[in-house]
2 protein chains.
Amino acid sequence: MKKSIAVDMDGVLADVYQQFILKHFNECGETLKLEQLEGLSEAVAFPYLLKHVHSPGFFKTAPLVPGSLEVLLELNQKYDIYIVSAATEFPLSLGEKQDWLHEHFPFIHWMQMVFCGSKKIIHTDIMIDDHFKNLDPFEGKTILFTQPHNKNAASGRHQRVNNWEEIKNILLP
Amino acid sequence: MKKSIAVDMDGVLADVYQQFILKHFNECGETLKLEQLEGLSEAVAFPYLLKHVHSPGFFKTAPLVPGSLEVLLELNQKYDIYIVSAATEFPLSLGEKQDWLHEHFPFIHWMQMVFCGSKKIIHTDIMIDDHFKNLDPFEGKTILFTQPHNKNAASGRHQRVNNWEEIKNILLP
């Protein structure tokens, strides 16, 4: 029987940092560097965050995290993949996230999509996420995807990865 | 610690049979009776089903299942309630279902909403649903909500209820 993986979207598949940096520049002309955002929560790093996540198109036009397409395509052959995304906080994001998945990951079936608020009731063998709030209560194997907001934190029981190549090495040895 | 319940929407909170019967009448002038639909799958009972679930407003204007509001309000005090709805098959339904919940169940927080395809990775203590495909793989306590499509089927290990009053008697004794 295949093992199951819950794969996060924002910060794992969708490069929301690049999207926030672009929107921040459009807002005020300042170019933020990833390095200066390390250790800051996203809400602190991006003062216009709430405005931007409630703006049409924010989620639909987010760029891909490098390597995510190629590795997820392979993982989808050997694991039961579920894309599990916190989306109900931002009503616009529901439709946009589904459109984004159809566009960029056409091999992900609608049966494999979960849009939720809390991830506490998600039960798979493995979870890949960039937020401790999702990984900490999870009972299975946990993989912490590095993003500036978690970069300085001790990963604890979670296995830290810095890119999709490292996920491939762990899950497709 | 509170026990958790995954509560289905269509056929449990939202009275989709009444909605399908109305749309069927508008489509062809025939008034379907619930009794004549017993034992038929929804797809067979409602030949225009696919057209209607893909039409704007179908999910947003569905009436409430009687008693659901009062009992869910009480359950929400004593249990961790999650509304878990299969929605990703019908892209329009995502936003409409969230709007519908906000309108009819304003005490349900966005953290308590899950819109998915398959419910196989949902893990709560209890599940209330009208479809065997959701209840059968579920490991916790299962409550089968009677709807015409399941009325003639043996409930098996699932506890059958015919209305929200019976749910109240089981979960709020």
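So, how was this worked out
- Residues numbered from 1 in each chain as written.
- Chains lettered and ligands numbered in written order.
- Predicted model: local features only at pLDDT ≥ 70, side-chain atom pairs only at ≥ 80, totals over all residues.
- Heavy atoms only, no water.
- Axes fitted to C-alpha atoms, helices over the stretch in contact; angles between N-to-C directions.
- Helix = DSSP H or I, 4+ residues; strand = E, 2+ residues; numbered from the N terminus.
- Parallel < 35°, antiparallel > 145°, perpendicular 65-115°, else oblique.
- Left-handed = near helix turned anticlockwise from the far one by under 90°.
- Contact = heavy atoms within 4.5 Å.
- Nonpolar A, V, L, I, M, F, W, Y, C, P; charged D, E, K, R; others polar.
- Disulfide = S-S within 2.5 Å.
- Buried < 20%, exposed > 50% of the residue type's maximum accessible area, 1.4 Å probe, protein only.
- Pairing = 2+ DSSP bridges.

## Some thoughts on the packing of helix H5 (residues 91–104) of chain A against helix H5 (residues 91–104) of chain B
And step 1. Relative orientation of the contacting elements H5(A) and H5(B) amounts to 170 degrees, with a least axis distance of 9 Å. On the basis of the axis angle, H5(A) is roughly antiparallel to H5(B). In this structure, the crossing between H5(A) and H5(B) has a hand that is right-handed. Facing H5(A), whose interface residues are Pro91(A), Leu94(A) and Gln98(A), H5(B) presents Pro91(B), Leu94(B) and Gln98(B).
And step 2. Its residues assigned to classes, the contact of H5(A) with H5(B) comprises four nonpolar, two polar and no charged.

## Quick word on the state of the cysteines
And step 1. Across all of its chains, the model carries zero disulfides over all chains by this definition.
And step 2. Counting only cysteine sulfurs, Cys116(A) is the nearest neighbor of Cys116(B), a cysteine outside any disulfide, at a range of 9.5 Å.
And step 3. Look at Cys116(B) and you get buried, because its relative accessible area is 0%.

## Re the sheet that holds strand E3 (residues 113–116) of chain B
And step 1. One open sheet holds the 12 strands; their spatial order is E6(A)-E5(A)-E4(A)-E1(A)-E2(A)-E3(A)-E3(B)-E2(B)-E1(B)-E4(B)-E5(B)-E6(B), and the pairing between them is mixed. Looking at which strands have only one partner, the edges of the open sheet turn out to be strand E6 (159–161) of chain A together with strand E6 (159–161) of chain B. Averaged over all pairs of adjacent strands, the angle between their axes in this sheet comes to 20 degrees, without regard to strand direction.
And step 2. Judged from the four bridges that link them, strand E2 (residues 80–86) of chain B and E3(B) form a sheet pairing that is parallel.

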